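# Architecture at a glance
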Amino acid sequence: MTACNTGVQQDVASLPYSWVTALAEDPTVFKDSIEAERSAWIALHSNDPHKALTKSKATASQSTTRVRALVDLTVLFDDLALLSGQIQKGTFRDTMLVDEQDHRTQAAIAAAECHGFTDLISNAKSTEDIKLTTRLKAHQALIDGTLAPQEHLALGESPLLYTESKRGYDPCLFAAQRDFWSSQLLLETNTDGWREALSTIKSPLFSVWTTAHIPPEDLSKTDTLAAVGAFTTALKDQGLAEKQRIPETNTDAREQIRALTKSIDLEKASLPERADTTGQALVAELSLFQGLRQKILLSRARSALKANQFQAALTYASEAIDIGAKGVGPLNSANAFVLLTAARIANGRTREAMDALQPILNSHPYIQGLYEQLGDLVVRENINRTGESKEN
Amino acid sequence: MGRIDSKIISQSASVVVIAAATLIGATLTIETLLWAAPGDPIDLLPNGASLRPILEIEWGLDRSLSERWWDALIRLSKGDLGTSMSVRPGLDVWTLIAAPVQRSLLWAGLAMVTSVVLGLITIGTKGTIHRLLHVLGIVSIAPLFLATHMAVNTINDITFGAISSGYIDRPNFFALPLEESLVRTVLAIFLLGFASGNLYEWREEIIVIKNRIDTSDYVMATRSRGLPVWQHFLYNAIPPLASLVVARIPLYLGGLVILERLFLLEGAGALLWNAALARDYALASGLTLVFASFVIITRLIASLIQLQINPRHSLSHASNA
Amino acid sequence: MFTKLTQRTLFLFSLFMILPKTTSASSQPLRYAEDRAPAIINPIFATSMSEARINELIFEGLFSDDQELRVQPQLAQRFVLAQDKLSMVIHLRKDVKWHDGYDFTSEDVRFTIEAMRNKKTASTESGRVQWIKAVMVQGPHTVTITFNDQEFAPSERLQFKILPAHLFRGDVASRTNKFRNHPVGTGPMMFDSYNTDNSISLRKFPDYYGSARLEKVVMREVSDKNYQAKLLAYGSIDALVRVMPRDLSVLQANRNVELYPYQTNSWWYLGYNMQRSFAKDPNVRAALELMVDRHSLLKPIGTGELLSGPFVRSSPYYNHNVSTSRPNQSLAANLMQEAGYALVNNKWTKDGEPLSVTITTQRDLDAALEVIVNLQTQLFNQGITVHTQFYDKAEWRAKIWGQSDFDIILSMWSFDRTEDIYEQFHSTGSRNFGNYENPKVDTLLDQATSARDPQEKRSTLQLAHKTIAADDPMIFLWTLDSYSALSTKVNNVVIHPFYFFTWANAWYLQ
């Protein structure tokens, strides 16, 4: 399909020389480089950072895959925190259960954004408040480093979290886990910040970078770990990220995506001139270009969500996901489903948000509580409507 | 002269009777068929059950078959074909069918011309072309509609593949159902003129006519005088050809119902199909009536032509040709 | 013969290549495809989704969904709900014109509600106004509506489209009114023409009070679904309302096309007629379920997910604790034996009669033929003779909906976002063709209908899922992936999850 005429009118340069092309040109280097931690690399390629972590070597200083897994986990839980916040906001926005000025509304929104715990805890007045704040206290302890990470993880994976009190469901769980994984990343890499931690990574294989090496200049220009790779210098040089910002309209976002896709197609089409059949086959079999495209788009989607550009976020996330591939695997990361869910909620598409989240429910049982809360939101929104059913 | 007048009057009367019988028969048949088919247009509405009492009265479905049929005839006598029930609810049937009927009749007419021309070519040629047409004539007895439909799809797929792989730009392709496509229409007309025995029958009939004229006294006499015979030929071939046209019109119209479906042409045949599926009684009987009327009128014209050429010919005989 | 055919094919092919291409004008219309053209463009007689979709472009309601699916005023400007929640006063927009130039007034609102309620109109949408007690004109742009019961969010129910009173006489809107030849609304697009090729043309309404960017819209009927994806790929249409699952991968790979999820709440099933003697026995129903390999039935027709009950997997009501059963021949055989059947000549036989069932389906259900043929083979190999029957829509409605005259049906239900299964499974439900009856399920469905607490509603319906699944009134099959596809020429596309065109006034072609 690469030779298809595209709807994109402007001329687009091919993708910058990325690790994908480098790999195609010299597959043996690739094979050698993954040999030491083969199963961890396979897990990373399959978008399974949990598994990658268990399969990697014990310390980050010896293991690229371990650092990469820690980074991926941090970002995954950051995405989940983002989603959690959207659900929480959606619930309050759509139901108008209580006055927006009410301290409980503010508490819930603050909780969704995971800040201001200390105030919340001290302001707790009713039993309901105390139920909520008990968990927040635990998180605060975690963030403060006074709660053992194991305890916290157990807390997160415990189904009790949802069943013990649905109302007391903790929106801040994932933000706390993100903070845990990011602390772990710094701890294991013996660094002071995520930029420094990332610069210890030796291979950008299966990552968001459109370069053969992780470019330090980009790290210094990127605000958050979550936004890494969205608008890199390399993409900018090729005219694929000229704005360095999230476009305001859905149409601009779409235009940007079309240009990116075309550039990837061009790069893909140029492979036969550069690589032998083994290299080409490797790229095709591992769906490396698709994976790279998804990672760039997801990075933009999360940046858009954080910048409250919800339509653009929805466009990025919708275009990122591979609808043919079911569940998490090489073609779709859990982040893709999570961000699509968050973007749909942000755009008021709560029922469709469930469509997006459901496929990863089995592989990620710890999102059960989140999923249930989203379900409540969907039902609440439609409770006054009368139903319609049709055949065909 | 008086004898001829009275003959014409009595024959005209019988033509009218036959025409009326045809129309009545056609309406009765279609009404009965649709009545016998399970379900009615009210069933198609999602809240049909609750609307049934009102709509049955509005659409006259509460009445018996004979009453409905009688109503249709009364309406028809006033030139009113009624109102569509489910295909285009509320739209006057005349308005709805005018354009598609015109198109279909044009196609049927062109198809018939194709048959005649192919038939004439058959008898006028020798050698390979003659043999080829003979073979085609026999082949045409087989139901080729489906085979052609498949061929069309295959060509489409090949082209689609070629476009997708960047070998060619998008051609204005005949089998795209949405585009006014001359090629698709021409293919359908050609097929109708050719397939399901049409060419074969025409060819056989034309050969018989040719032989009859060839061996007739006046042609032989003309020939013996060394004069051209083609004028005699034409003059004498018209009456049998006209009867043949009349006899085969229903087959062409019937063929159109299938062809319009297969080639996605928007004609009366496709509309009749939709009307039957949607149990649109008014539309279906309206279309049937128009087709039946057309058949009657062509018969009449054919008879008049024959009468003009050969006054001994009887009108009613021609009508039954 | 084959060579000749090939030669002819090639000849025809070369002929097509030299035909002139269609030229593309700058004011190109947005061309979208429907399986079946709307029969009538009058919202109070709408029966199909294709009609609902085109109505969305031409007509407007008092209220409508905004892009975040929250109800917002459309023809209304603002409203005041009475303290007792038994009435509301609606102030209408004053800048609205009908497509024929007349002003939109409160009389139009009154007329529409009265006409929909009027039995003589026989509106297919009359159910939408049953909750309204009365409607009174208070001024040219003020109207009061009173309710039969308390309404907490009446604007949610006032989304039905408004008709122009000046084009009708009295409080009846008959189907045959001349309105049907030239529908008039207040929406961004106005009716232009019914065309001879069954297409319908709309053009921009110049006096629209809001903004509309599409110049022209053309609805094209493409009854052969196999062509639809190709037409889009060729550029002969710009939008395809529903993509056949088997075309999804091709369209996703096509750079000129973008996919949008649309109408995802649909599921397929095989439903028993519980009054047939074989289906009365729960063991037989359970055995048949174990004989059906749903996975291999689904595979040839597209991608989707298997189900264990009457909701799609992503529904908030889906009970994930109920697992989808897997084919199990030996267990099925045990159940058949328990039901008193014995294998005679490889046929399950009882009282000397081999078990033979007829599976009926609708002719226009996509891919049903493939499913039913494979199913026939599966069951035949396990000792059950299956006959098949294909009905057109009218026959289906009469025999299945009307008379419950069937053994087993293969069909599909689509739901809007409320996913209300009451009519399908309640013993008094109007769409319970199989005559399924379980007092416990009735109670649960009644509870769910009146529930106002989301969690209560969810747990009730999840329990209903479990209870229904245990009864096996149907073999729940799957939900198929459901997408719309639009050409990349169409920009700023946001699709309403049910009505599709609600926000099309912001779309534009490039």
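We now turn to the structure provided with this report. For every chain, the first residue of the written sequence is number 1, and numbering continues from 1 along that sequence. Chain A is the first chain written and ligand 1 is the first ligand written, with later ones labelled in order. In view of the model being predicted, local features appear only for residues whose pLDDT reaches at least 70, and side-chain atom pairs are presented and counted only at 80 or more, with totals across whole chains, interfaces and linings using the full set of residues. Hydrogen atoms and water are omitted, and side-chain values are computed over all heavy atoms in the structure.

Right, let's talk about the overall build of chain A for a bit. Counting from the N terminus, the helices are the DSSP runs of H or I reaching at least four residues and the strands are the DSSP runs of E reaching at least two. Secondary structure summary: chain A contains 21 helices and 1 strand in total. A buried classification covers 59% of the 392 residues belonging to chain A. By sequence separation, contacts in chain A at least 24 residues apart represent 67% of the contacts at least 6 residues apart. Carbon and sulfur atoms form 51% of the exposed surface of chain A, whose accessible area is close to 15900 Å². A simple rule labels every residue: compare its accessible area, found with a 1.4 Å probe on the protein chains alone, to the largest value its type can have, and call it buried under 20%, exposed over 50%, or partly exposed in between. In this analysis, two residues are considered to be in contact whenever any of their non-hydrogen atoms come within 4.5 Å of each other. Residue exposure ignores everything except the shown protein chains as possible cover, and the areas themselves are Shrake-Rupley values with a 1.4 Å probe.

On to the sheet that holds strand β5 (residues 87–92) of chain C, then. Residue and element names in this part refer to chain C. Any two strands with at least two DSSP-identified bridges between them are counted as paired. Judged by pairing direction, the sheet is antiparallel, and its 4 strands sit side by side in the order β4-β5-β7-β6 without closing on themselves. Here the strands that pair on one side only, and so sit at the sheet edges, are β4 (76–81) and β6 (132–139). Ignoring strand direction, the axes of neighbouring strands in this sheet form an average angle of 20°. As judged from the 6 bridges shared by β6 and strand β7 (residues 142–147), these two strands associate in the antiparallel manner. Within the sheet, the bridge partner assigned to I132 lies in β7 and is F147. Axes, fitted as lines to C-alpha atoms, cover a helix only where it is in contact. Angles between the N-to-C directions of the axes lie from 0 to 180 degrees.

To continue, consider the sheet that holds strand β9 (residues 200–204) of chain C. Residues and elements named next belong to chain C. If you trace the 7 strands from one edge of the open sheet to the other, you get β8-β9-β10-β1-β11-β23-β12, paired in mixed fashion. Whereas interior strands pair on both sides, the edge strands pair on one side only; in this sheet they are β8 (189–194) and β12 (257–261). Looking at chain direction, β8 and β9 are connected through 5 bridges and run antiparallel. In the strand pairing of β9, Y194 is matched with I200.

All right, on to the packing of helix α2 (residues 27–35) of chain A against helix α16 (residues 277–285) of chain A then. Residue and element names in this part refer to chain A. For the pair α2 and α16, interaxial distance at closest approach is 9 Å and the crossing angle is 55°. Between α2 and α16, the interaxial angle falls into the category oblique. Across the interface between the two elements, P27, F30 and K31 from α2 touch T278, G279 and L282 from α16. In this count, Pro and Cys sit with the nonpolar residues alongside Ala, Val, Leu, Ile, Met, Phe, Trp and Tyr, while Asp, Glu, Lys and Arg are called charged and the others, Gly among them, polar. Looking at side-chain class alone, the contact of α2 with α16 contains 3 nonpolar, 2 polar and 1 charged residues. Working definition: roughly parallel below 35 degrees, roughly antiparallel above 145 degrees, roughly perpendicular at 65 to 115 degrees, and oblique for all remaining angles.

Turning next to the side chain of S106 of chain C. Tracing the backbone through its elements, the reader meets S106 of chain C in helix α3 (residues 106–117). Excluding residues that lie within four positions of it along the chain, S106 of chain C makes contacts with L92, V137, G139, P140, H141, T142 and V143 of chain C.

Residue and element names in this part refer to chain A. The end-to-end C-alpha distance of helix α19 (residues 334–346), which contains 13 residues, comes to 18 Å, matching closely the 18 Å that a straight helix rising 1.5 Å per residue would cover. Taking burial as the measure, the 13 residues of α19 include 13 buried ones, the bulk of the element. Of the residues flanking the end of α19, it is G348, one or two places downstream, whose phi is positive at about 80°. To estimate the expected span of a helix, subtract one from its residue number and multiply by 1.5 Å.

Okay, the interface of chain A and chain C next. Contacts between the two partners involve 53 residues from chain A, matched on the other side by 77 residues from chain C. Summed over both partners, the accessible area lost on bringing two parts together, with a 1.4 Å probe, is the buried area. Summed over both partners, the interface of chain A with chain C buries about 5500 Å², with 41% contributed by carbon and sulfur atoms. Salt-bridge detection follows one rule: a side-chain nitrogen of Lys or Arg within 4 Å of a carboxyl oxygen of Asp or Glu. There are 7 salt bridges connecting chain A and chain C. Sorting the residues of the side of chain A that touches chain C by element identifies α5 (64–95), α15 (250–274), α18 (310–320), α19, α20 (350–357), α21 (368–382) and β1 (389–391) of chain A as the ones contributing at least two each. Top contributing element to the side of chain A that touches chain C by residue count: α21 of chain A, with 9 residues. Its residues assigned to classes, the side of chain A that touches chain C comprises 10 nonpolar, 18 polar and 25 charged. Sheet topology places β1 of chain A next to strand β20 (residues 408–415) of chain C; 3 bridges connect them, and they run antiparallel. Opposite K390 of chain A, over in β20 of chain C, you have S414 of chain C as the bridge partner.

Summarising the element assignment, S64 of chain C is placed in strand β2 (residues 63–65). S64 of chain C has contacts with R70, V71, Q72, Q74, Q159 and T502 of chain C, leaving out every residue within four places of it along the chain.

Moving on, we come to the pairing of strand β16 (residues 347–350) of chain C. Residues and elements named next belong to chain C. The pairing of strand β15 (residues 342–344) with β16 spans 3 bridges and is classified as antiparallel. Its bridge partner lying in β16, A342 is registered against T349. Summarising the sheet, β16 and strand β17 (residues 353–354) pair through 2 bridges and their orientation is antiparallel. From the neighbouring strand, T349 faces β17, where its bridge partner is P354. Remark: 2 residues form the turn of the hairpin made by β16 and β17, two consecutive strands paired antiparallel; D351 in that turn has positive phi of roughly 50°.

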